[in-house]
Structure formats: C-alpha cells, structure tokens
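The lines below spell out each chain.
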Amino acid sequence: MQEKKSVFERNSIKTSLVIIFISYLIIDVSLAYFSKYIENTVIENSGVQHDKINTLHPVYHHGFKENAYTELHHPLLNLKWAQYTNSLGFKDKSNREIKLIPNNHRVVFIGDSITEGIGYEFENTFVGLISNILEQKEIEVLNASRVSYSPIIYWRKVKYLIENIGLDFDELIVLIDISDIQDEAEVYELDEELNVKWKRKSEEYLRAREIVNYGDGLLPYTDNLNLQNFINNTREFITEHTFITYHALNLVYDKLLNEKRLPYTYLNPDYTRLSWPYYKKAYDEYAEIGISNSITYMDLLLELLKKHDIKLTLGVYPIPTNIYYDKKDSIHVKIWDDWTKKNEIDFFNLFPRLVNEKITSKEKLEIIDEYYIKHDMHFNAIGHEMFAKEFLKFFKIE
C-alpha cells in the first residue's frame, strides 16, 4: 500500500514558493529595520538631535534656533547634511558667536530655501562658497535666509535684526525667488502689531499643492482619490518597512517610468506656485496682488536700509521651470530689473546664464540635470559652485 503524502509533498512547488516568499519578506523587512537601527545608532552616537533646529518666531514668523545643530535628512531627495546655526540663528559652518558690531565689512544674504541651501552644508552652498572667497579679502558674509521666506519677511526680519537685536552690517543681498510672489499673495500677512502671520490658504493654492502630494495625473498616478490614497499608503509602507523591495522598485521607476513623465512634478504648469511668469492660469490666480505686495515690502526694506546707511543689492535666478518653459527676459526678471533701475540699485541676474528659449527640450533638461538636484528645484553641488562663480564676477567691492 502506497504511503499517503502530506499536503506539503503533494504541493511541493507551491510550498517552496510560499517558503521562499516568506523568507524573502523576513529578510527584506529585517534588512530595513537593521539599516534604520544602524542609521539611528550613528546619529545617536554623534549627538544629533532631530527637530531641534527649526523654530517659529513671534515677529518674522519662522527661522532657526540659535547655536543649534542637527543632521537633516530629506528622504524624497535622498540627501543628508549637517546643519549648524550661529548665535543669530543663521545657517553657518559651525556654532559660533556673531559680534553685533563687526570688525570688518559685513555682507548679509537673505532669500528663501534656494539661498538657505537646502540639501548642503553651509560651506558647500553658494553663500558659503562666496563667504570663503570674500573672507580672504576681510569681508564677512552671513546668511539670514530660510525656507519659504518672501519680501514681507525680508523686510520684517531685517528690521528686527537692526532695530531690536542691534545687528550692524554694510550690505544686504536680497535674492528673490519665483515662489515669493505666491507667498506674498496667499501665505503671509501682518497682524495689528506688524508681525508676520499665516493667511488662510486659497482653494487654488491647496489644489496646486495636491499635485506635489498626488502627482500629475500620469502613471503610476490616477484621478481616483481612493486609488491615489492606496498608492501613496503602499509607497509609504514599502519605504518604511522594506529594503530590497524599496531599492528594486526605485530602480524600475527610474529606468522605466521617468522617461514617460515630466522630469519631475514641479515642471507641471498646474503646480501654479512656480508657473506664474509663463502660465496665464497661474498669473490670474494670484500674481498681480503678489507682485504688488512684493514691491510694497521691498520699498519698505529699501527705506529701512537707507535710514541705516546700508547698501542693497537685489538678485534673481531661474529654477528648472524657468529653464524649461520661460524665456531669458522673463516677466520675473523685468519686474525686478525695472524696480532696481528706478531705485538705482545693483541688479544680479542669473537668467542669461541658464535660460535659452531657443534650444530644444532635451538641451533644457541637460541644463536642469547638470545644475539642480534630481527631481527638485534647488541647486545641486555643481549649481552652487556655478552660482558662486557668477555672483563673484558681478560683486563690486567698494
């Protein structure tokens, strides 16, 4: 009589596949948690404190804490960097005390996240590279920038630094970003005591932000909200709890899907925060009031600086959306070129270095890939070096 086979023996192939799959999951999840354990151990041993550097401010809305340090990680961009601040709460190469009255000529930069240098340590940002060169000529450089700053904060923060803190400096370099215009129209306003506060966000602003969260309507995205949530939850689970699967799917996405999509979501004109100079829908949503408010606060800043005998220089630069869609004489350039000429202020314009509407889309993408972080609008290391080099050609030492 033939011996009766077990269920595993009768289904040996299925059993083997199940065992292999379970083993794979165990190994994959174990590697994910092990890698996170190693990463956290290294951070703990280095004394890193997460979320110990950012702070809200009662006068100019937000900034950095004074003499703080942390190691920052931007998972979407796959970037890690050490972040130090000085005694003024400015991004710096180390924790250090800044004299309110300088011994030498002092230049202060202020702008948003581009000028802050997200993704890189101070010495590798264009402000840090400029500082390193000018330091040799006994010129001190400080960086008062922070993510999502705009003219209302440029004016209010500088006023606070001069009149409340007593900071003395000789020149202010303001670098105005494309996104400043929407911030002025829809994000910030002053309260009764002239302190910066949030505005209530418009429906158009919130809809544009959804493009960043849910994609631009192409695969692997969808217009179905339930499916969007499922895809995003699945992606979050894979990112947090797997190692092999996460890296394998990233490789597939980079090789197969990216070529069928815009290079990154921010190039979608319907992400209206960045497209107002060349996209009527975006311009009509907020640009007129945003431009008007920006000029109002830059006028106030100029008046403040004249009162304290501080020189003002204003600059603009393109981001990938300008390179891909815009033109060299962008409306963004024209607004600030006209304003600086009217007020007899030096104007630094990086658009001619990077923007050429006559070249092909492929050539435009090559410029974007060379100078900007992949799938983002911030400068990469080469971009920071290029910016510093161009600014130093422009900068006049008096």
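Conventions we followed
- Residues numbered from 1 in each chain as written.
- Predicted model: local features only at pLDDT ≥ 70, side-chain atom pairs only at ≥ 80, totals over all residues.
- Heavy atoms only, no water.
- Helix = DSSP H or I, 4+ residues; strand = E, 2+ residues; numbered from the N terminus.
- Expected span 1.5 Å × (residues − 1).
- Buried < 20%, exposed > 50% of the residue type's maximum accessible area, 1.4 Å probe, protein only.
- Salt bridge = Lys/Arg side-chain N within 4 Å of Asp/Glu carboxyl O.
- Pairing = 2+ DSSP bridges.
- Core = buried A, V, L, I, M, F, W, Y, C linked by side-chain atoms within 4.5 Å.
- Axes fitted to C-alpha atoms, helices over the stretch in contact; angles between N-to-C directions.
- Parallel < 35°, antiparallel > 145°, perpendicular 65-115°, else oblique.
- Left-handed = near helix turned anticlockwise from the far one by under 90°.
- Contact = heavy atoms within 4.5 Å.
- Nonpolar A, V, L, I, M, F, W, Y, C, P; charged D, E, K, R; others polar.
- pLDDT = per-residue confidence, 0-100.
- Bend = angle between axes of the 7 residues up to and from the residue.

Visitor: I'd like to hear about helix α5 (residues 151–165), residue by residue, with values.
Guide: Because each turn of an α-helix spans 3.6 residues, side chains separated by three or four positions end up pointing in the same direction. Helix length check: α5, at 15 residues, gives a terminal C-alpha distance of 20 Å against a target of 21 Å (1.5 Å per residue), a fit within 8%. Across the 15 residues of α5, 11 count as buried, placing the element largely inside the fold. Buried within α5 we find Pro151, Ile152, Ile153, Tyr154, Trp155, Arg156, Lys157, Val158, Tyr160, Leu161 and Ile162. Phi for Gly166, located one or two positions after α5, is positive at around 90°.

Visitor: Got a sec to walk through the pattern of salt bridges? Specific residues and values, please.
Guide: Counted according to the given criterion, the structure contains 14 salt bridges. Taking the shortest distance from any N to any O, the salt bridge between Lys307 and Glu163 comes out at 4.0 Å. A residue pair is termed long-range when its members are at least 10 positions apart, and Lys307 in helix α10 (residues 280–307) and Glu163 in helix α5 qualify at 144 residues. The exposed category is assigned to Lys307, whose relative accessible area is 65%. Each member of the salt-bridge network shares a partner with another, and the members are Lys159, Glu163 and Lys307.

Visitor: Break down the sheet that holds strand β4 (residues 79–85) for me, citing the residues and quoting the values.
Guide: Pairing is antiparallel across the open sheet formed by 3 strands, whose spatial order is β3-β4-β5. Pairing within the sheet leaves two strands with one partner each, and these edge strands are β3 (69–74) and β5 (91–92). By the bridge criterion, 2 bridges tie β4 to β5 in an arrangement that is antiparallel. Bridging across to β5, Thr85 finds its partner in Lys91.

Visitor: Which residues make up the nonpolar core, and what are the values?
Guide: Of all hydrophobic cores here, the largest spans 88 residues; its most connected members are Leu172, Met298, Leu301 and Phe379. Ranked by residues supplied to this core, first place goes to α10 with 10 residues. Core analysis: the second largest hydrophobic core is formed by 6 residues, Trp81, Ile118, Tyr120 and Ile373 among them.

Visitor: Explain the packing of helix α4 (residues 126–135) against helix α15 (residues 381–394) to me, using residue names and the numbers behind them.
Guide: Closest axis-to-axis distance for the α4/α15 pair is 8 Å, and the angle between their directions is 45°. Here α4 is positioned oblique relative to α15, judged by the angle of their axes. Crossing geometry of α4 relative to α15 is assigned as right-handed. Residues Phe126, Leu129, Ile130, Ile133 and Leu134 of α4 touch α15, and the partners they reach there are His384, Glu385, Phe387, Ala388, Phe391 and Leu392. When grouped by side-chain class, the residues that make up the contact of α4 with α15 number 9 nonpolar, 1 polar and 1 charged.

Visitor: So, the confidence of the model for the protein: which residues are in play, and what are the values?
Guide: One rule of thumb: low pLDDT means the predicted coordinates there are not for detailed reading. A residue-level look at the protein finds 83% of positions with pLDDT of 70 or above and a mean pLDDT of 87. Confidence over residues 46–50 falls short of pLDDT 50; this stretch has 9 contacts with residues more than four positions distant or in other chains. Note that residues 258–263 has pLDDT below 50 and, in this model, 17 contacts with residues that lie over four places away or in other chains.

Visitor: Kindly report on α10, identifying the contributing residues and their values.
Guide: If you check α10, its first and last C-alpha atoms are 39 Å apart, about what 28 residues at 1.5 Å a residue would give, namely 40 Å. Residue Tyr286 marks the point of greatest curvature in α10, where the axis turns by about 55°. Where α10 ends, the next residue or the one after it, Asp309, has phi of about 55°, a positive value.

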